[in-house]
Amino acid sequence: MSSLSRELVFLILQFLDEEKFKETVHKLEQESGFFFNMRHFEDQVQAGEWDEVERYLCGFTKVEDNRYSMKIFFEIRKQKYLEALDRQDRAKAVEILVKDLKVFASFNEELFKEITQLLTLDNFRQNEQLSKYGDTKSARNIMLMELKKLIEANPLFRDKLTFPPFKSSRLRTLINQSLNWQHQLCKNPRPNPDIKTLFTDHTCSPANGARPPPPGNSPLVGPVPKAGVFPPLGGHSPFQPVVSPSPGAIAGWMAATNPSLPHPAVAAGPPSLMQPSTAAAFLKHPRAPTGVTGMDYQSADSEHLMKRIRTGQSEEVSFSGVSHTPNAYSQDDLPKTVVRTLSQGSNVMSMDFHPQQQTILLVGTNVGDISLWEVGSRERLAHKPFKVWDISSCTMGLQTALLKDAAISVNRCVWAPDGLLLGVAFSKHIVQIYAYNPTGELRHHLEIDAHIGGVNDIAFAHPNKQLCIVTCGDDKTIKVWDAQAGRRQYTFEGHEAPVYSVCPHYKENIQFIFSTAIDGKIKAWLYDCVGSRVDYDAPGHWCTTMAYSADGTRLFSCGTSKEGDSHLVEWNESEGSIKRNYSGFRKRSLGVVQFDTTRNRFLAAGDEFQIKFWDMDNTNVLTVVEADGGLAASPRLRFNKEGSLLAATLIDNGIKILANNDGLRLIRMLESRIADGSRGPSEPSKPLIVNALGPVSTVSTSVAPTLERDRIPPAVSISNLASMENSRLVDVKPRVSDDVDNKIKVWKMPDIVDQSQLKALRLPDPMTASKIVRLLFTNSGLALLALASNAVHKLWKWQRTDRISGKSSAYVVPQLWQPPSGTLMTNDVSDTNPSEEATACIALSKNDSYVMSASGGKVSLFNMMTFKVMTTFTSPPPAATFLAFHPQDNNIIAIGMEDSTIQIYNVRVDEVKTILKGHQKRITGLAFSQSLNTLVSSGADAQLCAWSIDGWEKKKARFIQAPHGRSSPLIGDTKVQFHNDQIHLLVVHESQISVYDSNLECLRSWYPKDSLPAPITSAIYSCDGLLVYAGFSDGAVAVFDADSLRLRCRIAPSAYIPSSSTSSVYPLVIAAHPSEPNQIAVGMSDGVVHVVEPSDAEPKWGGPPPAQENGSLPSNSSNHQPSDLPAR
């Protein structure tokens, strides 16, 4: 085949791919053998489509071609064979053995015999070489990595793994160039020829037989190309024609400047009072554009209209009626520095920054609750669990749905343009509207049973100068509601699939709504018309969201197909086509990609555990940010209005806040204000200004009514922040009532002494009692793992049912779980060091599949499903005393040793990479901080050491401070744990609980005293980082405020330990639930494990002293140093 014919095949492949003829594309790839589509191959392998995998491969190689090819086919067939065995499908396994694997017997007969013998085993994992085989999905992924290496090394695939680089829609461009050339040769060229076919050469008919040009067909956004057309010929013509958008097109109306929108998803406010009749008339009766000299050809098959829009214009010609002047921005304007990490406690589904108060973040989660965060101070201002406000007014459909399955999720939460209301759309029927008080208080405003099924999106708009709520749902409708009374004003019907998103907007005086459905259709609606005005196809044909730039002049959409292909595009409104298609989505996305816009200049999207940024005028990725790791696979993103802060969701139910230089100055200013407000009790009436960009948000609720709206300081823009004097930030001094003073005087720390004041569950355990030395929840929160002093592990699992979520709870008794074999997960023990006397240690993999553990003997790696030992390493002496996984590589483990060293061990290659020396006694604690790139170790010598992760050199060492009256230096087990912010460090010793900063400087400490005089046995942060739980050797448990170490409440032993237990029983270890901040598990000295939660009457532990609100109460800490920790 000639080189030009070969290139033609590539052009056809591109055309088929753009037209979404997926099966035909891959068939041509296979039959031509010119391009091996690695992405398609990966998808087929991961889906287990083994016949298709081999068919596709056979277009490029055969089994006997070379050793690489043989290895490729062998690995695929072996995996197919093992999966059949794993399903206990012996007949299928024998068939694969005879038909597929026997061909390899002539090359390696011994290997074939060994494979055959697997049929005799109950579980092929009993074969030593296959003992590490995990589940099917992970095994396929591991095999796929090996296959890719073999394919890349195979010479038969050389030059076939990369698609040639050329512009999009190249075949269309060549056809248009040919048509232009044919038109130039016409004897009587018409100015607007009507080309109906490509099967014959084009010639213009005589002028007296010419027909008038057909009318335009875009009722909303200007002329839309006729059915089946390619990009306008003018884009490639030697004589560049001028395309004039219709005078009535929306893009043409916006040549003048526009009012700024608070957020692209929200119409900024009421438009001007008059609505031109000419504009309305055009929308109802679109006219043909005049002066169009470019020519199109049309097809009789109108179903290809949307394919024209999807593939879009060539980038060489723009038809927009709006010119965009370049902005003087640089990459430094992008928020890329992580300044805050917030722990929400459950999976974040939606976020939105307040339109005026730039550091107030609204968050909605997958369990239906919403929170308001002041990101500057890390304070959660409000938290509202899901609850139907008035069930009697709800439809029977909603009541039935909630009765059948009470689980509910937030699909979208958003602020109104003025920031006084916020709306929440839920996964079942309803939306709830809250009124926001400047003090941070949320009040019920409206509850609307809006749609049948889920409400997928919510937005605010201003049609006819009236604030309205726009919703869409699974019932395929869009509805508009009065924001004051909740009356339905409009219902738009026309979508044939559930409506996924809405984007209300206005151009000049025309108000309209864009909507997208999960079948990929985009429609637009006017408030005075029932029918849809446009019908486009979104790239990807699945879940798509739309947003305008902040100035309202540019329209973007981002969506993901069912296959995982993501598309971020800019739309040409006047043409109804795609103007730009932004590149950079390299892999199949793991979820629906979310995006946002900022500063009329930048786009950001979450993909591949990263944040990707684009300049709006350039289709290539501008930069990529990983935010120090931990981002979700497709993180949700939200800019604040000024673009100085960016919120991104994490894989562990948290949120990271990124800032640019303006954002950093804003955060530092807030920190300094908070620190000044919390240092001294000398000015009890001075308020704490947490948010300098808006109204006071931490004033006591008893004070709030005295604040009048006209006295609230106006929101401050980041642009004039630098010129503001600090004195202006603390001018507001709201009056503190006598009631508040009285509350401060009479406040008393709650003391829980009775079992009725909390909910405690003793976990079932028929095994011999042996004290619990290590205890932790699985990362999913569905199970609890304990290690007893006799080296035996115990695993309790909460069963999932229709009515029970499966998460751990003190209200549901779990099952003490064992595999069917009855195997116990038991550590290796040393003859010279009995397990009862050894220091036990344990660490769990992030996916809960494996646990690494030791009890004085070898370190064992267990499979959590089978309880079988996968491998052992590091035989004593010295024995391992603490284990911690590297945050970026699970193959790297830090192992604290009995001889005071720390081994950095690589499990994959079974090698100790380096040994760290700096302690004098055994290692008792290890904690990694990814943001600081640091490992902190603690030992029985009461010393802290900080090590650089890069080169493993020691950065700093410090002995912890001895309390007054106790001899120094201290000795005894010392534990460490990093806060969620990865900066502050909790240090626990029997003599104290302390918080240290990144320089190992002690910020504050609490020492046993008063009602809690006994030595401390264990302490840990709650999952949201707001609390510290501590256990004491007299059986008490205490709950502290994490920032100030003020005592919130004391749980007496009588409240959770049955009276039948001996008085000497006490908690040895405390575990905090990974997503429920008020739930803990307590491992006891008698081998019992209790799960403890607050009672239904008091859903949280105690309450902070009034000083948290007004700064007027002295610290309950014994440390008198000034605090550098920001208050939450």
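Definitions and cut-offs
- Residues numbered from 1 in each chain as written.
- Predicted model: local features only at pLDDT ≥ 70, side-chain atom pairs only at ≥ 80, totals over all residues.
- Heavy atoms only, no water.
- Pairing = 2+ DSSP bridges.
- Helix = DSSP H or I, 4+ residues; strand = E, 2+ residues; numbered from the N terminus.
- Axes fitted to C-alpha atoms, helices over the stretch in contact; angles between N-to-C directions.
- pLDDT = per-residue confidence, 0-100.
- Contact = heavy atoms within 4.5 Å.
- Parallel < 35°, antiparallel > 145°, perpendicular 65-115°, else oblique.
- Nonpolar A, V, L, I, M, F, W, Y, C, P; charged D, E, K, R; others polar.
- Phe/Tyr/Trp six-rings, centres within 6.5 Å; stacked < 30°, edge-to-face > 60°.
- Buried < 20%, exposed > 50% of the residue type's maximum accessible area, 1.4 Å probe, protein only.

1. Describing the sheet that holds strand E30 (residues 654–659)
So, point 1. Strand order in the open sheet formed by four strands is E3-E30-E29-E28, and the pairing between neighbours is antiparallel. Each end of this open sheet is capped by a strand with a single partner; those strands are strand E3 (337–343) and strand E28 (637–639). Shown here is a sheet whose adjacent strand axes are inclined to one another by a mean of 20°, direction ignored.
So, point 2. Pairing of E28 with strand E29 (residues 645–649) involves three bridges; the strand directions are antiparallel.

2. Focus: the confidence of the model for the protein chain
So, point 1. Averaged over all residues, the pLDDT of the protein chain equals 79, while 78% of them reach at least 70.
So, point 2. A low-confidence stretch, residues 679–747 stays under pLDDT 50, and its non-local contacts, those more than four residues away or across chains, total 105 contacts.
So, point 3. Taken together, the stretch residues 1107–1128 has pLDDT below 50 and engages in 69 contacts with residues farther than four places along the chain or on a different chain.

3. Some remarks on the packing of helix H1 (residues 3–18) against helix H9 (residues 170–184)
Axis angle and axis distance: for two packed helices, these are the angle between their axes and the distance between the axes, and together they describe the pair.
So, point 1. At a closest axis distance of 8 Å, the pairing of H1 and H9 adopts a crossing angle of 110°. As judged from the angle between their axes, H1 and H9 are roughly perpendicular. Of the residues in H9, those touching H1 at Leu-11, Gln-14 and Phe-15 are Arg-170, Leu-171, Arg-172 and Leu-174.
So, point 2. For the contact of H1 with H9, the residue count by class is four nonpolar, one polar and two charged.

4. Focus on the packing of aromatic side chains
So, point 1. This structure, assessed with the given rule, holds 28 aromatic pairs.
So, point 2. Here the aromatic rings of Phe-36 and Phe-157 are separated by 5.0 Å at their centres, their planes lie at 85°, and the arrangement is edge-to-face. Here Phe-36, found in the loop between helix H2 (22–32) and helix H3 (38–47), pairs with Phe-157, found in the loop between helix H8 (136–153) and H9; they are 121 residues apart in sequence, far enough to count as distant. Comparing Phe-36 with Phe-157, the two get one shared label, buried.
So, point 3. Measuring from ring centre to ring centre gives 5.0 Å for Trp-415 and Tyr-436, while their planes differ by 75°; the resulting arrangement is edge-to-face.

5. A word on unusual backbone geometry
So, point 1. Here the bond from Pro-876 into Pro-877 is cis, since omega is -5°, no more than 30 degrees from zero.
So, point 2. Note that Pro-877 resides in the loop between strand E40 (869–873) and strand E41 (880–885).
So, point 3. Across the junction of Pro-877 and Pro-878, the peptide omega takes the value -5°, indicating a cis bond.
So, point 4. Structurally, Pro-878 can be placed in the loop between E40 and E41.
So, point 5. Phi angles above zero are rare outside glycine, and Asp-159 is one such case at about 65°.
So, point 6. Looking at the element boundaries, Asp-159 is found in the loop between H8 and H9.
So, point 7. The exposure class of Asp-159 is exposed, given its relative accessible area of 68%.
So, point 8. The backbone of Phe-609 sits at a positive phi, close to 60°, despite the residue not being glycine.
So, point 9. Positionally, Phe-609 belongs in the loop between strand E25 (602–607) and strand E26 (610–615).

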